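Reading the structure
Now for the letters of each chain:
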Amino acid sequence: MDLTLFLVVLVIVIALGFDFTNGFHDAANAIATSVSTRALTPRVALGMAAIMNVIGALLGTEVAKTIGEGIIDISQFTTSTDHVMQVHGLGIILAALIGAIAWNLITWWLGLPSSSSHALIGGLVGAGLASSTAVLWSGIGWQVIVPMFASPVVGFGLAYVLMKIVLFFVRQLPYHRTMRKFRLAQTVSAAAMALGHGLQDAQKTMGIIVMALLAGGYGETHNIYVNGELTIPLWVKIAAALAISAGTYSGGWRIMRTLGRKVIELDPARGFVAESVAASVLYLTAFVIHAPISTTHTITSAIMGVGATKRLSAVRWGVAGNIVVAWFLTLPAAAGVAAIMYLLVSLVLP
């Protein structure tokens, strides 16, 4: 096996490893509210989320194309037949993945629901800067930075307003009977959230794998470009879907406790609204805007929004503040780790 093929295989394996860490890191996104309100048992919720992750991952490719083409410009490597150039391009992708995985593991250990998506994007930017590869700042601005700030604001605002409307209509209904109905409804909203998680997050790994195939000179053999348009091979979709599903089923208990109970004690009505709002935002950005937004940011802000309808003090703002700090640190931290990894990787590459 020559070095180029070895690196392509290594990057694909590590990309699927990142996808797995994305699954267990972000499992809480889909099911924390349903588990905390006892709408679903943890294992049933994880099994359902894993299945919906697979289905969601197969529903679209636009976010994958954004990751594959819209963050850094690797065209100088993908169009080259020079072995050294191909290896160099693969080294950049490898360093980006290691940076993203490292930050995922750090925040998972600390129990902080940070964004796997932004860790991956930060990794690409850091490795790109360290290697003097062109970073596509305009694309990052409109499709990463703007949604990074907009999606939590939209999630919080919509959840707050919708929860107020729901509370108005159920204000005279028997509390316990109404909560039982919302608990049943949460099985649907949790499934919708898991579908959105697969739709958004599995596609990011697909984009990385396609980048590796192109950088390694395997674009034509895998029909990556059809009529000038980037396509995602079916085997890449299935591999990414299964990896994130397996990660989700393994569970992210530390982060689940943070989202499910430490931010606010949720009742089934608030859990249903938070999941419904977050899932709607994920679908909108994936199908309409094609932006790789953070499922973590979206569901966390929605939880804060429904919580604020009780009273502002019901939200544990100290915990929320720690989460927001992790959000802001994710891009630069993952970029820093990726830049260091690229410098180390480049020492052993030809």
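Located above this text is the structure these notes cover.
Our subject in this report is the structure included herewith. These figures come from a predicted structure and were not determined experimentally. All chains use their own residue numbering, which begins from 1 and follows the written sequence. Totals for whole chains, interfaces and linings use every residue, but because this is a predicted model, local features are given only for residues with pLDDT of at least 70 and side-chain atom pairs only at 80 or more, for both listing and counting. Calculated side-chain values reflect all of the structure's heavy atoms, with hydrogen atoms and water omitted.

For the rest of this paragraph, the subject is the overall build of the chain. Labels follow the DSSP assignment, with helices taken as runs of H or I lasting at least four residues and strands as runs of E lasting at least two, numbered in each case from the N terminus. The number of helices and strands found in the chain is 13 helices and two strands. Only protein chains enter the accessibility calculation, which uses a 1.4 Å probe. A residue is then buried if its area is under 20% of the maximum for its type, exposed if over 50%, and partly exposed in between. Buried positions account for 58% of the 350 residues belonging to the chain. Within the chain, contacts between residues separated by at least 24 positions form 86% of all contacts whose residues are at least 6 apart in sequence. In short, Shrake-Rupley with a 1.4 Å probe defines the accessible areas, and a residue's cover is counted only from the protein chains shown. Total accessible area on the chain is roughly 13700 Å²; 70% of this is exposed by carbon and sulfur atoms. Contact criterion: two residues are considered in contact whenever any of their non-hydrogen atoms come within 4.5 Å of each other.

Looking at the element boundaries, Q186 is found in helix α8 (residues 175-215). Using a relative accessible area of 0% as the deciding quantity, one classes Q186 as buried. Not counting residues within four places of it along the chain, the set of residues in contact with Q186 comprises T33, S34, T37, A39, P268, G271, F272 and E275.

To continue, consider unusual backbone geometry. Across the chain, the bulk of peptide bonds are trans and the bulk of non-glycine residues have phi less than zero. A positive phi angle, near 60 degrees, is found at S132, a position not held by glycine. With respect to the helices and strands, the residue S132 is situated in the loop between α6 (116-130) and α7 (137-170). Accessibility expressed as a relative area gives 67% for S132, which makes it exposed. The phi torsion at H290 lies on the positive side, around 60 degrees, for a residue other than glycine.

One finds I71, I72, I93, L97, L124, M206 and I208 to be the most contacted residues of the largest nonpolar core, which totals 57 residues. Those elements that place two or more of their residues in this core are α1 (3-36), α3 (62-70), α5 (83-110), α6, α7, α8, α9 (234-250) and α13 (317-348). In terms of residue count, α5 provides more of this core than any other element does, eleven residues in total. Discounting chain neighbours no more than four positions away, the residues touching I93 are V11, I208, M211, A212 and A215. Residues F182, L266, A278 and A291 belong to the second largest nonpolar core, which totals 20 residues. Only buried residues count toward a nonpolar core, which is a set of Ala, Val, Leu, Ile, Met, Phe, Trp, Tyr and Cys residues joined through side-chain atoms within 4.5 Å.

Note on method: axes are straight lines fitted to C-alpha atoms, helices fitted across the in-contact stretch only, with angles between N-to-C directions ranging 0 to 180 degrees. Packing of α8 against α9 leaves a shortest axis separation of 9 Å and a crossing angle of 130 degrees. It follows from the interaxial angle that α8 and α9 lie oblique. Where α8 crosses over α9, the two elements pack in a sense that is right-handed. Along its contact with α8, which presents H197, D201, A202, T205, M206, I209 and L213, the element α9 presents W235, V236, K237, A240, I244 and T248. Each residue is assigned to one of three groups, with Ala, Val, Leu, Ile, Met, Phe, Trp, Tyr, Cys and Pro labelled nonpolar, Asp, Glu, Lys and Arg labelled charged, and all others, Gly among them, labelled polar. When grouped by side-chain class, the residues that make up the contact of α8 with α9 number eight nonpolar, three polar and two charged. An angle below 35 degrees is treated as roughly parallel, one above 145 as roughly antiparallel, one from 65 to 115 as roughly perpendicular, and anything else as oblique. Helix crossings fall into two classes, left-handed where the near helix is turned counterclockwise from the far one by less than a right angle and right-handed where it is turned clockwise.

The values reported here are purely geometric and, on their own, carry no functional implication.
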